[in-house]
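Observations on the three-dimensional arrangement
Chain residues, written in single-letter form:
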Amino acid sequence: MKKVYNFNAGPCVLPQEAIDASIEALKDFAGTGMSVICVSHRSKEWEAVMDETRALWRELLNIPEDYEILFLGGGASTQFLMVPMNLLENKAAYLETGVWAKKALKEAKGIGNAVCVASSADTTFNYIPKNFEIPTDADYFHITTNNTIYGTEIKYDMDSPVTLVADMSSDIMSRPVDVKKYGIIYGGAQKNVGPAGVTFVIIRKDLLGKVTRYIPTMLNYQTHIDGGSMFNTPPVFSIFAMKETLKWLKAKGGLEAINKINKEKAQKLYDEIDRNSMFVGTVANKEDRSIMNVCFVMAQGKEELQDEFLNFAKGKGMVGIKGHRSVGGFRASIYNACPMEAIDALIACMQEFEQMHK
Ligand SMILES: *Cc1c(COP(=O)(O)O)cnc(C)c1O
């Protein structure tokens with residue numbers, strides 16, 4: 001297999017151990033003589049996978065008993081709608097920190113009264129707004145903890161006077177989280193916890209049953225709580241691969257351990273961006289810098305070298321470092337499964353490029 005360093009933003013790098021175990025299960029699942037994609041989701045072998053996956057989530061994130069963990073279809077994008085459908089009665093408040101946050105707000109506005117408390121749209125979302133006020137009469141306050149496209153991140157568990165709802169698609173399981181501070185945490189699996197096709201929703205059960213609207217069956221969280229995430233056929237392969245990804249994470253030492261590594265990886269790369277005369281980081285405020293998505297552009301006066309660097313890096317095995325079209329430049333997504341070796345290779349590449357243009 002070709003040696004590459006995968007910096008894709010999602011779908012993205014996953015642990016090789018999880019991929020290998022998933023390939024095995026595709027051939028012969030749990031000694032059943034059948035592929036994991038061919039067994040009944042009502043079989044005891046599959047029920048065991050569901051139980052183990054839920055248990056891993058609970059253990060790794062320390063999810064309290066009054067919260068349910070759901071595995072659904074539809075991606076984080078469907079959660080943009082399900083959250084207001086299930087929780088919005090009088091008013092919802094949103095923090096607009098990027099395109100994903102904007103999309104979440106748009107869906108809420110389609111359901112009821114939703115307000116934006118602060119936005120960083122004025123400077124292409126290159127910082128996290130501070131000193132905003134969360135309206136105390138809101139049913140919930142929605143945040144996007146990691147802004148995948150812009151490389152900003154809320155790296156702490158915010159205090160909120162109302163129910164806090166977080167899209168954690170791209171930083172879930174990158175650090176310990178105090179789940180009790182949130183009413184709902186959701187995200188697509190395809191950045192840190194598995195392949196695309198499954199969406200996780202961690203929800204405090206007492207939040208439900210309070211809105212007066214009719215909620216369509218499939219969009220009602222209660223349906224999926226009652227059905228144990230198997231009201232309809234679950235995405236079996238994605239869930240299996242997610243289980244294996246979480247097993248890998250547990251073997252790595254869990255969230256404290258991975259967070260330490262993630263911080264080291266991000267620090268190393270940001271240090272090089274700050275030092276290297278060819279590049280500049282797009283997020284100036286250090287406390288807002290994401291440890292998952294590192295965004296940078298060519299330094300002033302070097303802009304015309306952008307494509308040359310992209311090609312140079314590609315030749316050295318770097319994959320997926322082109323920035324999102326709305327930001328330009330480069331983005332290195334350095335999720336849990338991205339090894340330090342990849343960071344070192346990218347840094348070496350940046351240093352060599354600087355030497356070439358001395
Ligand atoms: C990728 C991403 C999404 C979209 O997820 P889908 O599962 O593709 O709908 C939403 N929010 C954030 C923060 C993301 O990074």
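What comes next concerns the included structure.

A few words now on the nonpolar core. Ranked by size, the top nonpolar core spans 87 residues in total, and within it F7, W46, W57, L61, M173, L269 and F309 carry the most contacts. With 8 residues, helix α9 (residues 340–356) is the largest single contributor of residues to this core. The residues touching F309, leaving out its near neighbours within four places in the chain, are F279, M298, I321, F330, C349, M350 and F353. Counting 28 residues, the second-largest nonpolar core is a separate cluster that includes L70, Y94, I215 and Y221.

For N262, the position within the fold is in helix α7 (residues 254–275). Sequence-distant contacts of N262, defined by excluding residues within four places in its chain, comprise S174, I291, M292, I334, Y335 and N336.

This next bit is on the packing of aromatic side chains. Considering all chains together, one arrives at 17 aromatic pairs under this definition. Their ring planes at 55° and their centres at 5.0 Å tell us that F125 and Y150 sit as a pair that is tilted. Of this pair, F125 sits in the loop between β4 (114–119) and β5 (140–144) while Y150 sits in the loop between β6 (146–147) and β7 (152–153), and the two are 25 residues apart along the sequence. Using a relative accessible area of 4% as the deciding quantity, one classes Y150 as buried.

This part is about the pattern of salt bridges. Throughout the structure, instances matching the rule amount to 23 salt bridges. Linking K243 and E244 is a salt bridge whose minimum nitrogen-to-oxygen distance equals 2.8 Å. We note that K243, like E244, is buried. Notably, a salt bridge pairs E272 with R275, separated by 2.7 Å at the nearest N-O pair. Taken together, the residues span about one helical turn, with E272 and R275 both in helix α7 at a distance of 3 residues. Through salt bridges with shared partners, a single network forms among E52, K243, E244 and K247.

Here 3 strands make up an open sheet; going across it, the order is β11-β12-β14 and the pairing antiparallel. Edge strands, defined here as strands with exactly one partner in the open sheet, are β11 (279–281) and β14 (330–333). Direction aside, the axes of adjacent strands within the sheet are offset by 35° on average. Sheet topology places β11 next to strand β12 (residues 293–298); 3 bridges connect them, and they run antiparallel. Directly across from V280, in β12, lies its bridge partner V297. Taken strand by strand, helix α8 (residues 306–315) contacts β11, β12 and β14, and its axis lies near 30° from that of β14.

The end-to-end C-alpha distance of α7, which contains 22 residues, comes to 32 Å, matching closely the 32 Å that a straight helix rising 1.5 Å per residue would cover. Along α7, the residues that are buried comprise G254, L255, I258, N259, N262, K265, A266, L269, Y270, E272 and I273. Here the buried residues of α7 occupy an arc of 165° about the axis, which is enough to place them on one side. α7 presents E256 and K260 as exposed residues on the side facing more than 90 degrees away from its buried surface. Structurally, α7 contributes buried residues whose contacts are with α2 (44–61), α6 (236–251), β11, β12, β14 and α9.

So, on to the pairing of β14. Of the two faces of β14, the one carrying F330 and A332 and the one carrying R331 and S333 are both buried. With 4 bridges joining them, β12 and β14 adopt antiparallel strand pairing. Across the sheet, F296 pairs through a bridge with F330, a residue of β14.

Before going further, it helps to examine the sheet that holds strand β3 (residues 92–96). Backbone-to-backbone hydrogen bonds join strands into a sheet, with any given pair of strands oriented parallel or antiparallel. The strand order across the open sheet built from 7 strands is β2-β10-β9-β8-β5-β3-β4, with neighbouring strands paired in mixed fashion. The sheet is open, and its two edges are formed by β2 (67–72) and β4, each paired on a single side. Going across the sheet, the axis of each strand differs from the next one's by a mean of 20°, ignoring polarity. Here 5 bridges tie β3 to β4, and the two strands are oriented parallel to one another. Bridging from a neighbouring strand, E96 pairs with S119 of β4.

The rules behind each value
- Residues numbered from 1 in each chain as written.
- Predicted model: local features only at pLDDT ≥ 70, side-chain atom pairs only at ≥ 80, totals over all residues.
- Heavy atoms only, no water.
- Core = buried A, V, L, I, M, F, W, Y, C linked by side-chain atoms within 4.5 Å.
- Buried < 20%, exposed > 50% of the residue type's maximum accessible area, 1.4 Å probe, protein only.
- Helix = DSSP H or I, 4+ residues; strand = E, 2+ residues; numbered from the N terminus.
- Contact = heavy atoms within 4.5 Å.
- Phe/Tyr/Trp six-rings, centres within 6.5 Å; stacked < 30°, edge-to-face > 60°.
- Salt bridge = Lys/Arg side-chain N within 4 Å of Asp/Glu carboxyl O.
- Pairing = 2+ DSSP bridges.
- Axes fitted to C-alpha atoms, helices over the stretch in contact; angles between N-to-C directions.
- Expected span 1.5 Å × (residues − 1).
- Arc of directions from axis to C-beta.

That's the geometry; what it means functionally is another story.
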